[in-house]
Structures are given as C-alpha cells and as structure tokens.
Amino acid sequence: MISSDASVEALHERVRQLKKEMNAIILAHYYTLPEIQQAADVVGDSLALARAAEGTGADVIVFAGVYFMAETAAILNPGKLVLMPDNRAGCPLADSCPPETFRAFKAEHPGALVITYINSSVEIKAESDIVCTSSNAEKIVSQIPEDREIIFGPDRNLGSYVMKKLGREMILWQGCCYVHDAYRWEIIRETIEKHPGAKFIAHPECREEVLCRSDFVGSTGALLDYSEKTDAQVMIVATEPGILYEMERRSPEKTFLPAPKDPFSPSSVCTQMKQNTLEKLCECMERREPRIFVDEALRENALKPIRRMLEMS
Ligand code: 13P
Ligand code: SF4
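Residues numbered from 1 in each chain as written. Chains lettered and ligands numbered in written order. Predicted model: local features only at pLDDT ≥ 70, side-chain atom pairs only at ≥ 80, totals over all residues. Heavy atoms only, no water.

Caption draft 1: Seen up close, the pattern of salt bridges. Applying the stated criterion across every chain, the model contains 25 salt bridges. One salt bridge in this structure joins Glu286 and Arg14, with 2.9 Å as the shortest N-O distance. Taken together, the residues span a long stretch of sequence, with Glu286 in helix α14 (residues 278-287) and Arg14 in helix α1 (residues 5-22) at a distance of 272 residues. The exposure class assigned to Arg14 is partly exposed, which follows from its relative accessible area of 24%. Glu127 is paired through a salt bridge with Arg103; the nearest N and O atoms lie 2.8 Å apart. Note that Glu127 is positioned in the loop between α7 (122-126) and β6 (130-132) and Arg103 in helix α6 (residues 99-107), a separation of 24 residues in sequence. Residue Arg103 is classed as partly exposed on the basis of its relative accessible area of 34%. Where salt bridges share partners, they join Asp225, Glu228, Glu246, Arg249 and Arg250 into one cluster. (Salt bridge = Lys/Arg side-chain N within 4 Å of Asp/Glu carboxyl O. Helix = DSSP H or I, 4+ residues; strand = E, 2+ residues; numbered from the N terminus. Buried < 20%, exposed > 50% of the residue type's maximum accessible area, 1.4 Å probe, protein only.)

Caption draft 2: Molecular detail of the site of ligand 1. Contacts to ligand 1 come from His29, Tyr31, Asp45, Ser46, Tyr117, Asn119, Ser134, His180, His203, Glu205, Ser219 and Thr220. The contact in question runs from an oxygen atom of ligand 1 to an N or O atom on the side chain of His29, over 2.7 Å. Classifying every residue of the shell around ligand 1 by side-chain character gives 2 nonpolar, 8 polar and 2 charged. (Near = heavy atom within 4 Å. Polar contact = N/O pair within 3.5 Å; in protein donor to acceptor, adjacent residues only side chain to side chain. Nonpolar A, V, L, I, M, F, W, Y, C, P; charged D, E, K, R; others polar.)

Caption draft 3: Structural detail: unusual backbone geometry. The amide bond that connects Gly153 to the next residue, Pro154, takes the cis arrangement and shows omega of -10°. Note that Pro154 resides in the loop between β7 (150-153) and α9 (156-166). Cis geometry is adopted by the peptide bond preceding Pro290, which originates at Glu289 and carries an omega value of 5°. Along the chain, the position of Pro290 falls in the loop between α14 and α15 (296-312). At Asn23, a position not held by glycine, the phi torsion is positive, near 50°. Mapped onto the fold, Asn23 is located in the loop between α1 and β1 (24-29).

Caption draft 4: Seen up close, the sheet that holds strand β10 (residues 216-217). What the 4 strands build is an open sheet, ordered β10-β9-β11-β12; its pairing is parallel. Of all strands in the sheet, those with a lone pairing partner are β10 and β12 (255-258), marking the two edges. Strands β9 (199-202), β11 (234-238) and β12 of the sheet are contacted by helix α13 (residues 243-250), whose axis makes an angle of about 170° with β12. (Pairing = 2+ DSSP bridges. Contact = heavy atoms within 4.5 Å. Axes fitted to C-alpha atoms, helices over the stretch in contact; angles between N-to-C directions.)

Caption draft 5: The site of ligand 2, seen in detail. What surrounds ligand 2 is the set Tyr31, Val66, Cys91, Pro92, Asn119, Cys177, Tyr178, Glu205, Cys270 and Met273. The residue makeup of the shell around ligand 2, split by class, is 8 nonpolar, 1 polar and 1 charged.

Caption draft 6: Region of the structure containing helix α4 (residues 67-76). Along α4, 9 of the 10 residues are buried, which leaves the element largely enclosed by surrounding structure. If you check which residues of α4 are buried, you get Phe68, Met69, Ala70, Glu71, Thr72, Ala73, Ala74, Ile75 and Leu76.

Caption draft 7: Here's a closer look at the sheet that holds strand β5 (residues 113-117). If you trace the 4 strands from one edge of the open sheet to the other, you get β6-β5-β7-β8, paired in parallel fashion. Lying at the two open borders of the sheet, with one neighbouring strand each, are β6 and β8 (171-172).

Caption draft 8: Representation of the pairing of β9. Note that β9 and β11 share 4 bridges and pair parallel. Across the sheet, the residue bridging to Lys199 is Met235, located in β11. Strand direction decides the pairing type here: β9 and β10, joined by 2 bridges, are parallel. Residue Ile201 lies in a different strand from β10, and its bridge partner there is Phe216.

Caption draft 9: Looking closely at the packing of helix α3 (residues 46-55) against α4. Running from N to C, α3 and α4 point in directions that differ by 30°, and their axes come no closer than 9 Å. In this structure, α3 meets α4 at a crossing whose hand is right-handed. Contacts from Ser46, Ala50, Ala53 and Glu54 in α3 reach Met69, Thr72, Ala73 and Leu76 in α4. Taken together, the residues that form the contact of α3 with α4 break down as 5 nonpolar, 2 polar and 1 charged. (Left-handed = near helix turned anticlockwise from the far one by under 90°.)

Caption draft 10: Spatial organisation of the packing of helix α12 (residues 220-229) against α13. Here α12 crosses α13 at 30°, and the two axes come no closer than 10 Å. One finds that α12 runs roughly parallel with respect to α13. Crossing handedness for the pair α12 and α13: right-handed. In contact with Thr220, Leu223, Leu224, Asp225, Ser227 and Glu228 of α12, α13 contributes Ile243, Glu246, Met247 and Arg250. Its residues assigned to classes, the contact of α12 with α13 shows 4 nonpolar, 2 polar and 4 charged. (Parallel < 35°, antiparallel > 145°, perpendicular 65-115°, else oblique.)

Caption draft 11: The side chain of Gln37, seen in detail. Looking at the element boundaries, Gln37 is found in helix α2 (residues 34-39). Residue Gln37 is classed as buried on the basis of its relative accessible area of 6%. With residues up to four places along the chain from it excluded, the contact list for Gln37 reads His29, Tyr30, Thr32, Val43, Gly242, Tyr245 and Glu246.

Now the structure itself:
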C-alpha cells in the first residue's frame, strides 16, 4: 500500500533510475491508475501501444496493461525482455475465446477470413488472418472484398458496431467485455437528461443500445481526441473511468462524468488494469520479472496478422 506522497515520489524516482540503468521503456494503457500513467513514457490505446512497442529502441519493455497487450509487445520484439508489473492481469474478453473452441468455430465456416480483435491470446492471433483494434476495425473490414465471408471475434459488440457502420454481415464470436457490456441506455438516459448540452461518448465495446444513442463512438485514443477538440464543456463518458485522468489532464476546464452502470452488473471498472500498482511496477523492474514468454512457432504465426493490421491501418 502507498502510505504518503513522499513514498509515492520515492517510487517514481526509483522507477526513473531503473529505467535509465536498464534502457527500458514503460508503456501504459489509459485504463491504468493515474500514478502508473504518470510513470509511463507512452500512454495510449491498444493500437498506439502496439506501434510504440514495435518501434522502440529500448532493450526492455515494461508493459502496464493487461496480458494480451504485453504478449503483443513480446510477439513484435522477440529479442527483448518484456516485463509486466503483474502477469495475472488478464483480460476476461480475451479469455472468453479458448483456442480449441475457436478452431471448431472456424471449421464451421471454411473459407471465411478471420479478423480478430487484439484483445485475444497469441493462440487466437496465430489462427487469424488479420488482427484489429477498436481504432482500426472499421477501416480494416472496409478493405475486404464484399463477397468474402468474415469471421470476427471475440468482441460481439465491436463486431456488430462495425457491421452496422459498413452495412455488411460478419460471423461473430459471442464474447464481450464485462466493463463495457455493463452500460444500459435506460440508466445512462437519466444522467443525460440532467445535463442538457452535454455530449455522450462511448467505446465500441458497449452494447448497440448505447452506441446508437452516442454523439461519438471511438477507441480510448479517439475518445480522448474528441474530448479535446469538441466545444462541449460537459461530457458523459461510457468507457472504463481510468480514461478520465487523461481527459481532465488535457482539458482541465471541462467536466467529465463517468456514465452510470447497470446496478446489477458486476463493475464498470477494469479490475485487471488496476492490478498494475506503482509498487509492482518498481518491483518488476528490480527483479526483472515477471517476464512474458511466447512460444516461437506461435509467435511467428501471430506476427503475420499483426503486421497485416499495422500495414492496413
Ligand atoms: P482500446 O483499443 O480503446 O485501447 O481498447 C482496449 C480495451 O481493452 C478496451 O476495453
Ligand atoms: Fe479486457 Fe474489458 Fe479490461 Fe479492456 S476493459 S482489458 S476488454 S476486461
């Protein structure tokens, strides 16, 4: 537990020292705790972080996010040490797609092109033709010939959003993110009615009933850009509330309200992202573990669809 401002600053200082000694880069997702975002060299959405991992000259990548994100960094950097503050920080959406079941699902649709969301394991990526993130899914699907059948997984909400935007069918894996799937229009509507003039913005992992009423839909990076550029002074935000730290940092004069969640749903906080604490960040750099290992044959097969994504987006 962090006890005082002095110990927080001491941890930040130690992280800075270790970063220099190790020639390390710290990558953090927008959903992590504010003190982790402050310690990071790059804070971004999944696509920005994958790009940062691909282009880094650092010897060590310290990834404060969830497992599939650090694993993607390891796939892109076979010779490098990739560390996570806590390697138990998994993504339940990625875990909802076991390789055996996914292979059987694919076998039901021979010939279909497989596009998978980056929120998936190395095994699933190795089974895919193209990977995508929430910021490029629409762009990637739009480049596939109309007559080609597409399997899209594991997030059904992102898949249906892209289907609706492009007016084309896809075969969807029925996974979802418990954080985003917890938003319900009926509950959010009350908050919107109390704030006339506010803009309502949402991540595409939310349900269609929420997305179709949003003023803007986008990845965490796109939501941030929108929040900076819009003239609106108040925004109601339907995504993991960790993003509010960066929204408020960029636009301190604006008001950001987390969209209320369904009281019967488990949480609108990604508890996995919050497993990345400053103490664990410091400790993983001191101990040079936990380290992310990826089987080489799987890595080579998973790299191809990730590279395809980077070329197509
Ligand atoms: P982004 O692509 O917006 O970073 O989404 C990642 C994620 O896990 C959202 O739940
Ligand atoms: Fe996974 Fe949802 Fe957490 Fe994103 S917010 S890492 S999709 S559980």
